[in-house]
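# Fold and contact review
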Amino acid sequence: QVEDSLLPHWRARRAAAREAKRAAARVESGLPPEPRAGKQLRLQAAGALFDEYNERFLDFATATLFATAFPLCPLIVLLNNALDMRADLLKLLRLRERPLLISVRGIGTWLPLFDTVGYVAVFTNLAIIAFTSDILDRTSVGRWTEAQKLLLLVALEHGVLLGKMGLAF
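Residues numbered from 1 in each chain as written. Predicted model: local features only at pLDDT ≥ 70, side-chain atom pairs only at ≥ 80, totals over all residues. Heavy atoms only, no water.

### Brief notes about the environment of threonine 62
What counts is decided by this rule: To qualify as a helix, a DSSP run of H or I must reach at least 4 residues; to qualify as a strand, a run of E must reach at least 2; elements of each kind are numbered from the N terminus. Any pair of N or O atoms that falls within 3.5 Å is considered a polar contact. Within protein, one atom must be able to donate a hydrogen and the other to accept it, and sequence-neighbouring residues count only if both atoms are side-chain atoms.
Looking at where threonine 62 falls in the secondary structure, it is placed in helix α3 (residues 50–65). Polar side-chain contacts of threonine 62 include one of 2.8 Å to the backbone oxygen of leucine 58.

### Quick notes on helix α5 (residues 110–132)
The following threshold applies: The span expected for a helix works out to 1.5 Å for each residue beyond the first. Throughout this description, buried means an accessible area under 20% of the type-specific maximum (1.4 Å probe, protein chains only), exposed means over 50%, and partly exposed covers the range between.
Between its first and last C-alpha, α5 extends 32 Å over 23 residues, near the 33 Å set by a 1.5 Å rise per residue. Along α5, the positions that sit buried rather than exposed are Trp110, Phe114, Val117, Gly118, Ala121, Val122, Thr124, Asn125, Leu126, Ala127, Ile128 and Ala130.

### A short note on the environment of leucine 41
For leucine 41, the position within the fold is in helix α2 (residues 36–41). Leucine 41 sits in the exposed class, given a relative accessible area of 70%. In this structure the C-alpha to C-alpha distance between leucine 41 and arginine 96, which are 55 residues apart in sequence, comes to 9.9 Å.

### Regarding a nonpolar patch on the surface
The following threshold applies: Like charges within 9 Å and nonpolar side chains (Val, Leu, Ile, Met, Phe, Trp, Tyr) within 5 Å are joined into patches, using only residues over 30% in relative accessible area that form no salt bridge. Each accessible area is a Shrake-Rupley result for a 1.4 Å probe, and residues are judged covered by the shown protein chains and nothing else. Salt bridges, as used here, are contacts in which a Lys or Arg side-chain nitrogen is within 4 Å of a carboxyl oxygen on Asp or Glu.
A cluster of nonpolar side chains, namely Phe70, Leu72, Leu75, Ile76, Leu78 and Leu79, defines an oily patch on the protein surface of about 580 Å² accessible area. Structurally, the position occupied by leucine 75 is in helix α4 (residues 73–95).

### Here's the deal with the packing of aromatic side chains
To keep it simple, the criterion reads: Stacked, tilted and edge-to-face are the three classes assigned to paired rings of Phe, Tyr and Trp, where Trp is represented by its six-membered ring and a pair needs centres within 6.5 Å; plane angles under 30 degrees give stacked, over 60 edge-to-face, the rest tilted. Counting as a charge over the ring demands two things of the Lys NZ or Arg CZ atom: a distance within 6 Å of the ring centre and an angle within 35 degrees of the ring normal.
One pass over the structure, following the stated rule, counts five aromatic pairs. On the basis of an interplanar angle of 45° and a centroid distance of 5.6 Å, the ring pair of phenylalanine 50 and tryptophan 110 is categorised as tilted. One end of the pair, phenylalanine 50, is in helix α3; the other, tryptophan 110, is in helix α5, and 60 residues separate them in sequence. Here phenylalanine 57 and phenylalanine 114 contribute two aromatic rings whose centre-to-centre distance is 5.4 Å and whose plane-to-plane angle is 90°, an arrangement assigned as edge-to-face. One end of the pair, phenylalanine 57, is in helix α3; the other, phenylalanine 114, is in helix α5, and 57 residues separate them in sequence. An identical accessibility class is assigned to phenylalanine 57 and phenylalanine 114; each is buried. A connected cluster of aromatic rings, assembled from ring pairs, spans Phe50, Tyr53, Phe57, Phe60, Trp110 and Phe114. For lysine 164, the ring lying beneath its charged end belongs to tyrosine 119, and the centroid distance is 4.7 Å.

Quick look at the structure:
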């Protein structure tokens, strides 16, 4: 996070300080100040969005796959993404060239990856609940065997996935 958020701003401040010295030297020597277009030409080129999508994908996977094991994870990911979006906004507006606009219909190959993680997260979270907690034993009359827990897990997983597919269509 430091490399992606703070380092570009620190470098930009150092470059701005060097630019201020250069501008002061131009004014002292009697030259006109550099035009704004010249400053914009030295901006860093806008990068590809692969790294941004990859970061969001990993955050989504972390938050959804292990939400039952660490319930604060989605909140931490949300706060991290809020800070990261603010840093990306400043980077996009002040430190880099504006990217070229290209019209697209969606997020491309990332959508199937996000869907896959959503389906795997259902199974993962149900498995964590079924095999690591004693909630089934506390809410029922008898003790559940591992085979019964597995059958319940498969039945619940199929039910949730059917509901998820029904909502998708």
